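Coordinate analysis (summary)
What follows is the residue order along each chain.
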Amino acid sequence: MLLSATTSIHDLVTSHPYLIEVLADYAPAFAKLRNPLLRNTLGRVATLQQAADLAGLELTGLMAHLARAIMEHTKEAVTLVPRGAETPAHAMADGDSGCGGCTPRPAEANTADRATRLATLRALLERLHQGTPLADLKEAFASAVGGISAAEVASLEKELVAGGVAETEIKRLCSLHVDIFREALAPQHVPDMPPGHPVHTYRAENAEATRIADEIISQIDRMRSVPGDTESPLDELAWSFSRRHVADLLADLAHVERHYTRKEMQLFPMLEENGIEAPPKVMWEVHDDIRSLLRKARETVEGPSPVAAATVARDAALAVKDMVDKEETVLFPMALESLTEAQWGRVRHGEDEIGYAWVTPEGEWTPQAADTPESLTMEGAATGTPDRVTLGTGTLAVETLDRMLRTLPLDLSLVDAEDRVAYYTDSTHRIFPRSAGVIGRNVRNCHPPKSVHMVEEILARFKTGERDEAAFWIELGGRFLHIRYFAIRSDEGRYLGCLEVAQDVTDIRALSGQRRLLDWN
């Protein structure tokens, strides 16, 4: 079924009488349609465009609302044709006269098809948000959207975010969203990349993550009163014998953190550079959900409730496997289609700084491009420095300045006036991981999506001059961390950037008394 700007209100409510109440509830102006006389006069000549104008509504929103109602009542797929993309063929489908042999020109067809997919995807996501069972949507999705590539998934998500769909909403629906896409995606093959290539390493890690997660699930399912029946009660005696093994498996599975961090710090910046921003942000939020789930599982498995421990441990293992599926189905095909050989070289350069989960690259892969790891820099990053740097109170050799900054017992990161990361101290005692891929990256994309609002508030207040400093302190891994942000300004007060200073002050807080003499002990 097609809905377009020229669809007749009369024909629509005649075929679908329940839409009278749907429209009347949607906008007060449509309450007139409950009157049969007005419905048979005004409704007979009015189109959806005219109805939207009359009610002061946006046409696409009205069509999407009607499409949801129709799909809920009939399970029938609905195609939305945006204004300006109507053709005689669409008009005839709506019951208007026209030349039946007319078809849209290729450019028009592509534009209409893309807009239709976006509108239909919006409607389907909203129905998911309202709690419609996934099984009820798969047929409608396949009929209305058809096979799409991984790159189109990224592009559609980006446009949804640009159109006002919150990234957090996409993340909430992420699992259901990907389940739908998994069946609709055109058949894709992730090629076997050479050893040492980032995708080769990612996939080797995924194989190990899957093995460990499967072992956790298998262990727990065997503890059921009816082995393999996830609905049967847990055998607590069996749990008492296997709990320590499950705890060890969870500790091993937690090494997936490095896999996720490498994606966030090395791969995601390249995708963002190519205009693919929404999928990395959504995936980072899911990473954080998995991190939280793994922490909870490791805590609960040491607690007194076998049932709670087994449940959350199994959920954590399933979440890790689901992320593997997302990477293999969407992320890797998308990245391989989007990134150049030189960009993959930049992903590889810096991976060692973060580290690996379970495996290390099997060989030295070299990108077949002019760029070499030593020359790789983000756009706008400095490619050379003089031998000496003149500072406000002295002149230092570049090597001395670099080593001085790296020796400080602090994590330093500098964001320039354009909100791009310009520098970080690459020291062995860093508290928070950084790698070369962060240079030149918009700082908003360097933080988990749930904390971006705080980053934006700090930068905004620094730029207006309302504030010069912001401070936080947290406990992490048994250590007490003090994190401060400072506005950097010129002598004239011009904003130059933001300096982040993070320090582990655990030992400082524990000091007492005095030490006035040298004591190497």
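Described in the following lines is the structure provided in the data block. (Residues numbered from 1 in each chain as written. Predicted model: local features only at pLDDT ≥ 70, side-chain atom pairs only at ≥ 80, totals over all residues. Heavy atoms only, no water.)

This paragraph deals with helix α4 (residues 48-55). Taken together, the buried positions of α4 are L48, Q49, A51 and A52. In an axial view of α4, the angular spread of the buried residues amounts to 165 degrees, which keeps them on one side of the axis. Turned more than 90 degrees away from the buried face of α4 sit D53 and L54, all of them exposed. Taken together, the buried residues of α4 touch β1 (2-3), α1 (9-15) and α5 (59-74). The first or second residue beyond α4 is G56, which carries a positive phi of 70 degrees. (Buried < 20%, exposed > 50% of the residue type's maximum accessible area, 1.4 Å probe, protein only. Helix = DSSP H or I, 4+ residues; strand = E, 2+ residues; numbered from the N terminus. Arc of directions from axis to C-beta. Contact = heavy atoms within 4.5 Å.)

Across the 10 residues of strand β9 (residues 495-504), 7 count as buried, placing the element largely inside the fold. Of the strand pairs in this sheet, strand β5 (residues 411-416) and β9 are connected by 6 bridges, and their pairing is antiparallel. Residue pairing in the sheet places L414 in a bridge with L499 of β9. As consecutive antiparallel partners, strand β8 (residues 479-489) and β9 are separated by 5 residues, and within that stretch G493 has a phi angle of approximately 90 degrees, a positive value. (Pairing = 2+ DSSP bridges.)

Moving on, we get to the pairing of β5. Direction of pairing for β5 relative to strand β6 (residues 421-424): antiparallel, over a ladder of 3 bridges. Bridging across to β6, V415 finds its partner in V421. The turn linking β5 back onto β6 is made up of 4 residues, and D419 within it adopts a positive phi angle of 70 degrees.

This brings us to the side chain of R430. Topologically, R430 is positioned in the loop between β6 and α20 (452-464). Of the residues examined, R430 reaches a relative accessible area of 15% and is grouped as buried. Reaching out from R430, the side chain makes a polar contact with the side chain of D411 at a distance of 3.5 Å. Looking at R430, its side chain comes within polar contact range of the main-chain oxygen of T425, at 2.8 Å. (Polar contact = N/O pair within 3.5 Å; in protein donor to acceptor, adjacent residues only side chain to side chain.)

Attention shifts here to the sheet that holds β6. Strands sit in the order β6-β5-β9-β8-β7 across an open sheet of 5 strands; the sheet is antiparallel. Whereas interior strands pair on both sides, the edge strands pair on one side only; in this sheet they are β6 and β7 (469-476). Across the sheet, the axes of successive neighbouring strands diverge by a mean angle of 15 degrees, strand direction being ignored. (Axes fitted to C-alpha atoms, helices over the stretch in contact; angles between N-to-C directions.)

In this model, W358 sits at a positive phi of 75 degrees, which is unusual for a non-glycine residue. Within the fold, W358 resides in the loop between α18 (351-354) and β3 (388-391). The residue D419 is not glycine, and still its phi comes out positive at about 70 degrees. Inspection of the secondary structure assignment puts D419 in the loop between β5 and β6.

Let us look at the packing of aromatic side chains. Tallied over the entire structure, the rule returns 2 aromatic pairs. Each ring, one from Y202 and one from F332, has its centre 5.7 Å from the other, and the planes form 15 degrees; the classification is stacked. Taken together, the residues span a long stretch of sequence, with Y202 in helix α12 (residues 198-222) and F332 in helix α16 (residues 306-338) at a distance of 130 residues. Of the two residues, Y202 and F332, both sit in the buried class. Between F472 and Y485, the aromatic rings sit 6.1 Å apart at their centres with planes inclined by 85 degrees, giving edge-to-face as the arrangement. You can see F472 sitting in strand β7 and its partner Y485 sitting in strand β8, a full 13 residues away along the chain. Directly above the aromatic system of F480 lies the positively charged group of R509, at a separation of 3.7 Å from the ring centroid. (Phe/Tyr/Trp six-rings, centres within 6.5 Å; stacked < 30°, edge-to-face > 60°. Lys NZ or Arg CZ within 6 Å of the ring centre and 35° of its normal.)

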